Each structure stands twice: as C-alpha cells, then as structure tokens.
Amino acid sequence: MIRPSGFVRFATMLFTLLFGVLPLLAQTATEYSDKDKKKLGEIAQRPEVIHRIQETWDAHRRADMEFAFNVNQSTRLGELSLSELANFRQNFGELYNNPILVRYVNSLGQRIVPQGSPNLYSFRLLLDPVPRAEALSTGTIYISTGLVSMLDSEAQLAYVLGHEIAHVEKRHTYNTIRNEILEEEFDKEKTAEVGKKRAIFGAVSAIGGAAIGGAVGGYSGALIGGGLGIAGGFAGGLLFRNKFQPTEWSSVYEDEADEAGLKYMLDQNYDAREIPRMYARLDNLVGRDSRVGLGFIGKPERTRERQAQITRLITTAYKADLEARAKKGLVSSGPEFQLLMSALKRDNGVIALDYDLYDEARDDLDQAVKLRSNDPRAHYYLGQVMIATGRTPEEKQQAMGEFLQAIQYDADRGAYAEPHLEDALFQISQNDPGLQDQIKKELKTYVALYQRQHMGQLPGNMYIIYDYFLLIGDKSWYMPPASVITTKNVDSLNVTQANVSAASAAEVVARATGSSDTGKTTTTSEPVKAPPKTAVKKTSTPAPAPH
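Notes on the structure in this doc start here. Predicted, not measured: the structure shown is a model, and the values here were computed from it. (Residues numbered from 1 in each chain as written. Predicted model: local features only at pLDDT ≥ 70, side-chain atom pairs only at ≥ 80, totals over all residues. Heavy atoms only, no water.)

## A short note on the overall build of the chain
Within the chain, the secondary structure is distributed over 23 helices and three strands. Relative to its full complement of 547 residues, the chain shows a buried share of 46%. Long-range contacts, defined as pairs at least 24 residues apart, comprise 67% of the intrachain contacts of the chain with a sequence gap of at least 6. Accessible surface, the chain as shown: approximately 27,500 Å² in total, 53% of it carbon and sulfur. (Helix = DSSP H or I, 4+ residues; strand = E, 2+ residues; numbered from the N terminus. Buried < 20%, exposed > 50% of the residue type's maximum accessible area, 1.4 Å probe, protein only. Contact = heavy atoms within 4.5 Å. Areas by Shrake-Rupley, 256 points an atom, 1.4 Å probe, with all protein chains shown as cover.)

## Describing unusual backbone geometry
Although it is not a glycine, Asn269 sits at a positive phi angle of roughly 70°. Checked against the element boundaries, Asn269 lands in the loop between α12 (251-267) and α13 (274-288). Take Asn269: its relative accessible area is 23%, and that puts it in the partly exposed class. A positive phi angle, near 55°, is found at Asn431, a position not held by glycine.

## Here's the deal with the packing of helix α20 (residues 418-429) against helix α22 (residues 462-471)
Between α20 and α22, whose axes approach to 11 Å, the crossing angle comes to 35°. Remark: the crossing between α20 and α22 carries left-handed chirality. Here α20 contributes Leu421, Leu425 and Ile428 to the contact with α22, which in turn contributes Ile465, Tyr468 and Leu471. In terms of residue class, the contact of α20 with α22 is built from six nonpolar, no polar and no charged. (Axes fitted to C-alpha atoms, helices over the stretch in contact; angles between N-to-C directions. Left-handed = near helix turned anticlockwise from the far one by under 90°. Nonpolar A, V, L, I, M, F, W, Y, C, P; charged D, E, K, R; others polar.)

## Here we look at the nonpolar core
In globular proteins that are soluble, nonpolar side chains generally tend to be buried together. With 53 residues, the main nonpolar core has Ile143, Leu157 and Leu262 as its most contacted residues. With nine residues, the top contributor of residues to this core is helix α7 (residues 154-169). The residues contacting Leu262, other than those within four sequence positions of it, are Tyr159, Ala272, Ile275, Ile310, Leu313, Ile314 and Tyr318. Within the second largest apolar cluster, 22 residues are counted, among which are Ala417, Ile472, Trp477 and Met479. (Core = buried A, V, L, I, M, F, W, Y, C linked by side-chain atoms within 4.5 Å.)

## Describing the side chain of Asp474
On the secondary structure map, Asp474 appears in the loop between α22 and α23 (505-513). Residue class for Asp474 comes out buried when judged on its relative accessible area of 12%. Within the structure, Asp474 has its side chain in polar contact with the backbone nitrogen of Trp477 (distance 3.1 Å). Setting aside residues up to four positions removed in sequence, Asp474 forms contacts with Lys440 and Phe469. (Polar contact = N/O pair within 3.5 Å; in protein donor to acceptor, adjacent residues only side chain to side chain.)

## Here's the deal with the packing of aromatic side chains
In this structure the tally under the stated criterion is twelve aromatic pairs. When the centroid spacing of 5.4 Å and the interplanar angle of 85° are considered together, the rings of Trp57 and Tyr174 count as edge-to-face. Here Trp57 is found in helix α3 (residues 47-72), whereas its partner Tyr174 is found in helix α8 (residues 172-193), with 117 residues between them in sequence. Both residues of the pair, Trp57 and Tyr174, count as buried. On the basis of an interplanar angle of 20° and a centroid distance of 6.2 Å, the ring pair of Tyr466 and Tyr478 is categorised as stacked. Of this pair, Tyr466 sits in helix α22 while Tyr478 sits in the loop between α22 and α23; the two residues are twelve residues apart in sequence, bridging distant segments of the chain. Through successive ring pairs, a cluster of aromatic residues spans Phe67, Phe88, Phe92 and Tyr142. The aromatic ring of Tyr174 is capped on one face by Arg171, whose charged end is 4.2 Å from the ring centroid. (Phe/Tyr/Trp six-rings, centres within 6.5 Å; stacked < 30°, edge-to-face > 60°. Lys NZ or Arg CZ within 6 Å of the ring centre and 35° of its normal.)

## Some thoughts on the environment of Thr173
Considering the arrangement of structural elements, one finds Thr173 in helix α8. Exposure remark for Thr173: the relative accessible area of 6% places this residue in the buried category. Distance in space between the C-alpha atoms of Thr173 and Ser137 is 6.8 Å, their sequence separation being 36 residues.

Here it is as structure tokens:
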C-alpha cells in the first residue's frame, strides 16, 4: 500500500473543502434538505429572529411611507430649481396631473381588489415614459403613463393593476424580508460548523463573502454574502426606489402575481385573452428601443417566459372558466377607455419627446390625433417629433401640416403660441419675398399669444425673433416690456369696473397685427395693449406705442 505524501493529503483535504462544503452552502431555498428545512423552521421560532423580522418589516413600511410622501410632493415641482427638479424626478418621479384619468385608474384598480381583502389601496399615475409599475407594502400602487399608453384595452390595464395588487395580497415583500433573514441566520450557523476546516487554508475563508452569498440565493443571497447585510441589501433593492430601479421580484413571486392578477381581472369579467397580446406588444416595443424595457417589462426573455406561462394558464387551468364567461360576454374595454387614452397618449408622447424616446413619442402622438383629431397640443408635438426626426422635404412638409392643424384647432382659444412661430420659420425657409407680410403676422402672433399666457412677459427668445425680422428686411419693429401686469386672460389685476371683460384670442391677434378684422385668427401679433387707466387702481407711466 502506498502511503500518500503530506502534499497529497493536503490536496485531498483542500479538494474536500472546496467540493464538499461549498455545494452545501450553495443550496438555494428550494434545494434545502429535510434536515435543513427543519433547522430553518427552528430558527424561525426564535424570539430574537421573530423580533428582527418584524423590526425590518416595520422599517420597510416606514420607508414606503416616506417614499409615498416624497412622490406626493411632486405637485410642488414648480418651486424647485432646475437641478433640484432633475434630482427629484430621478429619485421619485412625478405624479400625472390629470384628475379625470387618475380617478379612472383608481376606480378600475379598486374594482380589481379581491373581495374581503384587509388591505386598503390607492392607485396613482406617474408621468414617466418608461413603462413601469410599483407596489408599495403600504398599498399604494404606482403605474406610469409610459406603461398605460402601451396598453390596447381596459382588460390589459386591469391585469397590470391586478398583478401589482397580488404583490401586496401575497405579502411578497414581507416574505422576501423573512426569507432573507432566515437564510442569513442559517448561513451563520453553517459557517460556524465549518469554521475549523476553513481555518486550515486561508484562501478558502477568502472565498466566503460574495462568492458564497451569490451561490446561496441568487439576488438575495448575493446581497448577504457580499457583506452588505440585511439593511444594506434592502436599501439597495427595496427601500430606495430609483425610478430606473424597480423592485426585482423573484421569478416565483412574479409568476404567482401573474396568475393572481389573471384571476382578479377574470373575477370582474375582463377578457384574460388580452394578456398574451399585451406581452407581445411590449416585447415588440422593447425590440425597437431597449430603453423602453427598463421598468415593468424587464428582460425580453423573461417577458416571453411570462407570456408563455399566461398562455398555458388560460388554455388549461382557467380554460373552462374563461369559456363559460365568454359565452355571457367578456369585457375588453369600457366606453371611457379610448377617449381618456387620447389625453394620456398625448401627454406621454410629450414627455417621451423630452427624453428623446422618438419612437414612443411618435406612436403615442400619432394615436392621440387619431383618437381625437381636434387636439391642437397633440398636433403641435407630433409636428415637433417629425421636425426632430424627419430627413426628407416630404416629412418636413408633413410636420408643417401638423402645425397648421394646431393653429386651426386653437384659433378660438389662442392658448398655443408656438405653432405660429413654426409657421413663420417654415415661411422664412421658402425664401419667397411675397411671404414677408405673412411672416411678420405669424411672428407677432407668436409674441402676443405668448404674452397673453405669461402675464405680459416677453418670450425668452425675443432677440432671435428680432433676428427673424431682420432676415425679412424689417429693422424697426420693437416690442416694449409690459408696463401693466395682467392675467393671462388680459384682465387687470385690480379691476374697479365690473364691465371689463377678457379679450378674445381674435381680438388679441387683431390688436397685435394691426388688423381690423377680429374674426381672423391666423394673423399674428403686436404687443398686447395695457388696459385703460380707469380700469386699475394704480398704473405706471404708459409704455411707448410699438413701432
């Protein structure tokens, strides 16, 4: 018999450590032996562990309360500086300020909450082009305009809300906290048992930390093993919610929420066959622009897995229920959905344009004008997308058509000055001397309507407007700053006469351009004249008449 040398014995011991101990540490929660499960059950009954779980859960809920408070402060964003605004929106987002749509989504969400639920919910819309949804442990559920705008039916929206409700109903956050603490306590005891063996070779101890943690439990295990601890782990993944870092649930929890969401919507007679169509559409959109997948959608391969799982459910476990309900009539969309979506798609298209998400912006704005063709704001921003991305003269001409539509539909109200500037710029680009009068009118209209909307203030680009006048040979036109501040409706601030009325858009434009025909609103603006002295308690020296 050949006796192994000291080196061979040492190598054998090291091999046993690496390939005998580490596989035990690498077990996931679903791979624990019966002995390990019994040990975990015993750990879960320890008073100090119960206290730690409850303490961490309470801290998480307090953090969710603080997060909700900060999001709700977004109604005061106008009080922040540009840098503060950017930081706030990055960390917390911005509530969508459209009460009708907010109440519609909240009402739909409340219908989806399962009967007998002990939880109170509130459903809020965030103005954010990235499709995302987030459920706080406190029952507040956020869904972005970017996600809603990509949905084709009310049934799909009901499913998304049901999915988020399920995370709360199934206590996924609490279970994540509990399981992670139990895993950490279990790992401590296992580590203590092999402590002597680890001490034999320091390199084995050095492995510990992140390597073992990553093997133990994937996402949660890596947080523990990496030395972050339970507090640091949750601060990075759950407690601190950056708008681009939604909570990453395990596939087990996501699948459970998917099935529960399907059941919740089906209980309210919504057509569950809409769900696979939703995932197919989201997958297509992510394929066109991967930035769209930063939120709710997640990794494209995971989206396809979820689509396949839902398809299996509605063709097996829920097939009979779905067919029975279909015979009586399932709901795809209520009467409000399309009309309300026209406003949401418009506003999401505008914010998507701010983020240079051109595909999303164009899709949303194009659908918005199809759903409601007389919306001047939608036409204007659709023109802006076309101008920003157009390559051919035909595309630029198409953009101009959108600006003219905006002018036409805003003729009576006069709330949008910018399309008139775009019209002037297009006319200037034609290099036609015969268009000079029209160009002047459009530039003046732009200034006058801007003043009307901004309490008499001049546009910040007035020096450029003067440059445009020089381009067409006008060296004298000048707009003095307003000497009497008025409201956007051109009423004086301190009115003493009851019969003073607001000027119409046509009257403002006529005065600005020197036109006597107040029925035409396609002309443009000279300065808005100050109200008569008798209409105010105090006035300053009248401004000189414009040239």
